[in-house]
Amino acid sequence: MGFLWAIVELFVVFVSIAILVLGSAIVFEAYRRRHNHTHVEAPAIFEDPTSLKEVPCPYIFDPAEKYISLIIPAFNEEHRLPGALDETMNYLQQRAAKDKSFSYEVVIIDDGSADGTKRVAFDFVRKYTVDNVRVILLGRNHGKGEAIRKGMLHSRGELLLMLDADGATKVDDLEKLEKQIHAVARKELHFGHAAASDSSLRISDVPVAAFGSRAHMEEKALATRKWYRNFLMKGFHVVVLLAAGPGIRDTQCGFKMFTRAAARKLFTNIRLKRWCFDVEVVYLCKLFGIPIFEISVNWSEIPGSKVNPLSIPNMLWELALMSVGYRTGMWQICT
Ligand SMILES: Nc1nc2c(ncn2[C@@H]2O[C@H](COP(=O)(O)OP(=O)(O)O)[C@@H](O)[C@H]2O)c(=O)[nH]1
Ligand SMILES: [Mg+2]
């Protein structure tokens, strides 16, 4: 009898393990399909909606052709994008009118929106020409990180600024980040070893990152934000600390500027495709020794956020992936 029980027990344990393994495999496969970690490698095509001609697509390793690129990820933003973009274009035009050496482009990445985002974005291309406003269509939804990666890799600026489609930060705050980058680059170009031998070096050649930061608004934000955003924020600080180390108070602000040299290193390596790509940016900056400057910017909480409690598992998954990927050497870095 005892022997029979032992067989039954063994059988139950075996079946449980099999169910567990099978269940995990099914969940993992479903997850893999949903959050497929392959990048969009098809070349970004810029279509001129007026002439319907395809415009050659630049690459981050090409020399800069503009002073600044503004990279805007957009997912279902038909309502929030027009206002933010009007404000942005006004600012850029006014600045270009005052300073003839100021040239710019805006690159909007439509990340598989199901609403009229593409139409809205192409209206701006028509209004401002394809030299000033460009649209990359990712086809299906990949995530904010992937949209920004694609935009960074195909833009032409010496300085590259990522900013949200909802205009949460006032666009002229970019001058604060720009000033900081100029100060660092100037120092580096004057005193750096490379500059001594090559006088043709430009600001875009010095790898620097400037992060907009909302750390100064944290108390007020905690009082006004939804509970899960506060929970996310607090918990996130701890997880980020574990994943990317200390030093940056606000990794998640959607307003960050990079020099072309920094963007080359960072966005040819970045792997995370959704909300935690910013943490990977911090990790990679540390790895490459790219200095990060955190600069306080204005931030308004704009209604219509796409971050919700369902984003939490994805965030944790991305951070776990990143920690394991880099620490085990499975994620190789190209320099
Ligand atoms: N490409 C892409 N961008 C997204 C996605 N979800 C949100 N965004 C963009 O990320 C930016 C910030 O989004 P938002 O929902 O306002 O986030 P919050 O400000 O952190 O609450 C906006 O430009 C959104 O269009 C997405 O799935 N893909
Ligand atoms: Mg927002």
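That block above? That's the structure.
The present account deals with the structure reproduced in this document. Just so you know, these numbers come straight off a predicted model, no measurement behind them. (Residues numbered from 1 in each chain as written. Chains lettered and ligands numbered in written order. Predicted model: local features only at pLDDT ≥ 70, side-chain atom pairs only at ≥ 80, totals over all residues.)

Comments concerning the packing of helix α10 (residues 277-288) against helix α11 (residues 311-327)
Here's step 1: Two elements in contact, α10 and α11, have axes separated by 10 Å at closest approach and are oriented at 25°. In terms of their interaxial angle, α10 and α11 are classed as roughly parallel. In terms of crossing hand, the pair formed by α10 and α11 is right-handed. Here Val 279, Glu 280 and Tyr 283 of α10 come into contact with α11, specifically with Leu 319, Met 322 and Tyr 326.
Here's step 2: Looking at side-chain class alone, the contact of α10 with α11 contains 5 nonpolar, no polar and 1 charged residues. (Axes fitted to C-alpha atoms, helices over the stretch in contact; angles between N-to-C directions. Helix = DSSP H or I, 4+ residues; strand = E, 2+ residues; numbered from the N terminus. Parallel < 35°, antiparallel > 145°, perpendicular 65-115°, else oblique. Left-handed = near helix turned anticlockwise from the far one by under 90°. Contact = placed C-beta atoms within 7 Å. Nonpolar A, V, L, I, M, F, W, Y, C, P; charged D, E, K, R; others polar.)

Topic: the site of ligand 1
Here's step 1: Near ligand 1 there are 18 residues, and of these Phe 75, Asp 111, Ala 147, Ala 165 and Ser 305 occur at the shortest range.
Here's step 2: Broken down by class, the residue content of the shell around ligand 1 amounts to 8 nonpolar, 4 polar and 6 charged. (Near = placed C-beta within 6 Å.)

A few points about helix α5 (residues 174-191)
Here's step 1: With 18 residues, α5 should reach 26 Å at 1.5 Å per residue; the first-to-last C-alpha distance of 26 Å fits that figure.
Here's step 2: Every buried residue of α5 is listed here: Leu 174, Leu 177, Ile 181 and Ala 185. End-on view of α5: buried residues confined to an arc of 65°, all on one side of the axis. Seen from the buried face of α5, the exposed residues on the opposite side, beyond 90 degrees, are Glu 175, Lys 179, Ala 183, Lys 187, His 190 and Phe 191.
Here's step 3: Lining the buried residues of α5 we find β6 (157-162), β7 (209-213), β8 (256-259) and β9 (292-296). (Expected span 1.5 Å × (residues − 1). Buried ≥ 20, exposed ≤ 12 C-beta atoms within 10 Å, placed from the backbone. Arc of directions from axis to C-beta.)

Concerning the sheet that holds β8
Two modes of strand pairing occur in sheets, parallel and antiparallel, and in both the strands are linked by backbone hydrogen bonds.
Here's step 1: Pairing within the open sheet is mixed, and its 7 strands lie in the order β5-β4-β3-β6-β8-β7-β9. Among the strands making up the open sheet, the edge pair consists of β5 (133-137) and β9. Strand-to-strand twist across the sheet, computed as the mean angle between neighbouring axes with direction ignored, equals 20°.
Here's step 2: As defined by bridge partners, β7 adjoins β9 across 5 bridges and the pair is classed as parallel. The residue of β9 that forms the bridge with Gly 212 is Ile 295.
Here's step 3: Running at roughly 150° to β5, helix α3 (residues 117-128) makes contact with β3 (66-74), β4 (104-110) and β5 of the sheet. (Pairing = 2+ DSSP bridges.)

A look at the environment of Arg 149
Here's step 1: Note that Arg 149 resides in helix α4 (residues 144-153).
Here's step 2: A tally of 27 C-beta atoms within 10 Å means that Arg 149 is categorised as buried.
Here's step 3: C-alpha of Arg 149 to C-alpha of Thr 268: the two residues are 119 residues apart in sequence and 7.9 Å apart in space.

Some remarks on the pairing of β8
Here's step 1: Burial of the side chains of β8 extends over both faces: Lys 256 and Phe 258 are buried on one face and Met 257 and Thr 259 on the other.
Here's step 2: Taken together, the 4 bridges between β6 and β8 define a ladder with antiparallel strand orientation. Note on β8: the bridge partner recorded for Met 162 is Lys 256.
Here's step 3: Where β7 lies against β8, 3 bridges are found, and the strand directions are antiparallel. Its bridge partner lying in β8, Ala 209 is registered against Phe 258.

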